[in-house]
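This is what each chain is made of:
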Amino acid sequence: MTIPAELIQRLGTAKSVTVLTGAGVSAESGVPTFRDAQTGFWAKFRPEELATPSAFRRDPRLVWEWYEWRRKLVAGAKPNPAHRALAEMERIFQQFHLITQNVDGLHQRAGSRNVIELHGNITRTKCFDEGTIVSTWKDTGDVPPKCPACGGWLRPDVVWFEEPMPEAEMKQAASASTHCDFFFSIGTSTVVFPAAALPGEALQSGATVVEINPRPTPFTARAHFALAGAAGVVLPELVKALSASRFGSRVSP
Ligand code: OAD
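Just so it is clear, the model here is predicted, and its values are computed rather than measured.

(A) The overall build of the protein chain, seen in detail. Looking only at helices and strands, the protein chain features ten helices and eight strands. For 253 residues, the compact-globule estimate of 2.2 N^0.38 gives 18 Å, and the C-alpha radius of gyration of the protein chain, at 19 Å, lies within 12% of that figure. Oriented by its inertia axes, the alpha-carbon framework of the protein chain measures out at about 65 × 40 × 35 Å. Counting across all 253 residues of the protein chain, residues that qualify as buried make up 49%. For the protein chain, the proportion of contacts with a sequence separation of at least 24, taken over those separated by at least 6, is 68%. Accessible surface, the protein chain as shown: approximately 12,300 Å² in total, 53% of it carbon and sulfur. In the protein chain, which carries 27 positive and 25 negative side-chain charges, the distance between the mean positions of the two groups comes to 4 Å.

(B) Structural detail: the sheet that holds strand β3 (residues 115-117). Taken together, the six strands give an open sheet; going across it, the order is β3-β2-β1-β6-β7-β8, and neighbouring strands pair in parallel fashion. Only two strands of the sheet have a single partner each, and these edge strands are β3 and β8 (225-227). In this sheet, neighbouring strand axes are inclined to one another by 15° on average, regardless of whether the strands run parallel or antiparallel. Across three bridges, the pairing between strand β7 (residues 208-212) and β8 is parallel. Within β8, the position partnered with Ile212 by the bridge is Leu227. Relative to the sheet, helix α6 (residues 81-92) contacts β1 (16-21), β2 (95-100) and β6 (182-186), its axis offset from that of β2 by approximately 150°.

(C) Region of the structure containing helix α5 (residues 60-76). Between its first and last C-alpha atoms α5 spans 24 Å; for 17 residues at 1.5 Å apiece the expected length is 24 Å, and the two agree. When α5 is considered as a whole, its buried residues turn out to be Pro60, Leu62, Val63, Trp64, Trp66, Tyr67, Arg70, Arg71 and Val74. For α5, the elements touching its buried residues are α3 (47-50), α4 (53-58), α7 (106-109), β4 (120-127) and β5 (154-158).

(D) Spotlight on the environment of Leu98. Inspection of the secondary structure assignment puts Leu98 in strand β2. For Leu98, a relative accessible area of 1% gives the class buried. Taking the C-alpha atoms as reference points, Leu98 and Glu68, separated by 30 residues in sequence, lie 26 Å from one another. With near-sequence residues (within four places) excluded, Leu98 lies in contact with Val19, Thr21, Leu86, His107, Ser112, Asn114, Val115 and Ile116.

(E) Region of interest: the packing of aromatic side chains. This model, assessed by the stated rule, comprises seven aromatic pairs. The interplanar angle of 55° and the centroid separation of 4.7 Å between the aromatic rings of Phe56 and Phe128 together place this pair among those described as tilted. With a gap of 72 residues between them, Phe56 in helix α4 and Phe128 in the loop between β4 and β5 connect regions that are remote in the sequence. Across this residue pair, the class does not change: Phe56 and Phe128 are buried. Here Tyr67 and Trp160 contribute two aromatic rings whose centre-to-centre distance is 6.2 Å and whose plane-to-plane angle is 45°, an arrangement assigned as tilted. Here Tyr67, found in helix α5, pairs with Trp160, found in the loop between β5 and α8 (167-178); they are 93 residues apart in sequence, far enough to count as distant.

(F) Focus on the site of the ligand. Of all residues adjacent to the ligand, which total 22 residues, the nearest are Phe34, Arg35, Thr188, Ser189 and Asn213. His119 is positioned with one of its side-chain polar atoms (N or O) 2.8 Å from an oxygen atom of the ligand. Between the ligand and the protein, one listed contact pairs a nitrogen atom with a backbone N or O atom of Ala231 at 2.9 Å. In the complex, 94% of the free accessible area of the ligand, which totals 790 Å², lies under the protein chains. The residue makeup of the shell around the ligand, split by class, is nine nonpolar, nine polar and four charged.

(G) Up close: the nonpolar core. Counting 30 residues, the largest nonpolar core has Val17, Met89 and Phe184 as its most contacted members. Here this core gets six residues from one element, more than from any other, and that element is helix α10 (residues 231-247). Residues within four places of Phe184 in sequence aside, it is in contact with Leu11, Val17, Thr18, Val19, Leu20, Met89, Val210, Ile212 and Leu238. In this structure, Leu118, Cys180, Phe183 and Ala207 belong to the second largest nonpolar core, which totals 16 residues.

(H) Representation of α8 within the structure. Helix length check: α8, at twelve residues, gives a terminal C-alpha distance of 17 Å against a target of 16 Å (1.5 Å per residue), a fit within 8%. The set of residues buried in α8 consists of Met170, Ala173, Ala176 and Ser177. Buried residues of α8, seen end-on, are gathered within an arc of 135° and therefore sit on one face of the element. Exposed residues on α8 whose side chains face more than 90 degrees from its buried face are Glu167 and Lys171. Residues of α8 that are buried in the fold lie against β1, β2, β3, β6 and α9 (198-204).

Cut-offs used in this document
- Residues numbered from 1 in each chain as written.
- Predicted model: local features only at pLDDT ≥ 70, side-chain atom pairs only at ≥ 80, totals over all residues.
- Heavy atoms only, no water.
- Helix = DSSP H or I, 4+ residues; strand = E, 2+ residues; numbered from the N terminus.
- Rg over C-alpha atoms; globule rule 2.2 N^0.38 Å.
- Buried < 20%, exposed > 50% of the residue type's maximum accessible area, 1.4 Å probe, protein only.
- Contact = heavy atoms within 4.5 Å.
- Areas by Shrake-Rupley, 256 points an atom, 1.4 Å probe, with all protein chains shown as cover.
- Lys, Arg positive; Asp, Glu negative; His and termini not counted.
- Charge placed at Lys NZ, Arg CZ, Asp CG, Glu CD.
- Pairing = 2+ DSSP bridges.
- Axes fitted to C-alpha atoms, helices over the stretch in contact; angles between N-to-C directions.
- Expected span 1.5 Å × (residues − 1).
- Phe/Tyr/Trp six-rings, centres within 6.5 Å; stacked < 30°, edge-to-face > 60°.
- Near = heavy atom within 4 Å.
- Polar contact = N/O pair within 3.5 Å; in protein donor to acceptor, adjacent residues only side chain to side chain.
- Nonpolar A, V, L, I, M, F, W, Y, C, P; charged D, E, K, R; others polar.
- Core = buried A, V, L, I, M, F, W, Y, C linked by side-chain atoms within 4.5 Å.
- Arc of directions from axis to C-beta.

From the geometry alone we can't say anything about function, so treat these as descriptive.
Rendered as structure tokens:
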């Protein structure tokens, strides 16, 4: 894919860049997205039916096992060229914020440092009743395992539907989206709020907004640039073109 020259030219002068990522960014690492067709046993369930406190209360074993399956997938997955290109972008721009809806930690494993996790992290576990983070527990054969402090169920430290968003992260994300020159919406279907509102807030605040997604989303028509392609292909090309435009004219020693 050719990255529009105008985009590279404008991005070359940007001081502050904010990126919102969704499940599509990890798709090329083999982590399934939520709304693309699921395969295997879990194809029978909609994420909205599993990722809620009421689903957990109704069938804690089913929900725990779904996350166990995702946790194992993530542990075996590796960051892909999209994650690495975003880590590279953090080094290029004076101000760079990476907001992610992903709970897989792949951005950090690729070298990104300033990551705002809006939906938690699947590698952490907490007590369902008390909300305290629990890092070790006895294997008693219970599924889900029991909290060592209170005996309640353990659950992943992720944000479920029907639950409040983490306040500090939401504040940081809103501020980063409304105070940037450039905003990228990458690999997200932009249907789950409040994260889905961030590209529009960036747009209203005057940022140039770019979407990267192989398929159109409800936001596509509003983006200044919509790059229809896989993040693992488009982002490395974008970083390459950007580096060439910034440093290409310099004489090498
Ligand atoms: P979705 O599964 O809703 O959307 C994934 C998006 O990634 C789709 O728009 C795809 O077209 C796009 N996509 C697929 N492959 C891609 C690739 N290689 N490169 C770029 N884009 C690609 O995932 P999210 O938008 O992240 O929340 O979903 C948002 C939230 O809904 C999730 O964080 C999760 C979910 O239910 C909770 O669990 C609270």
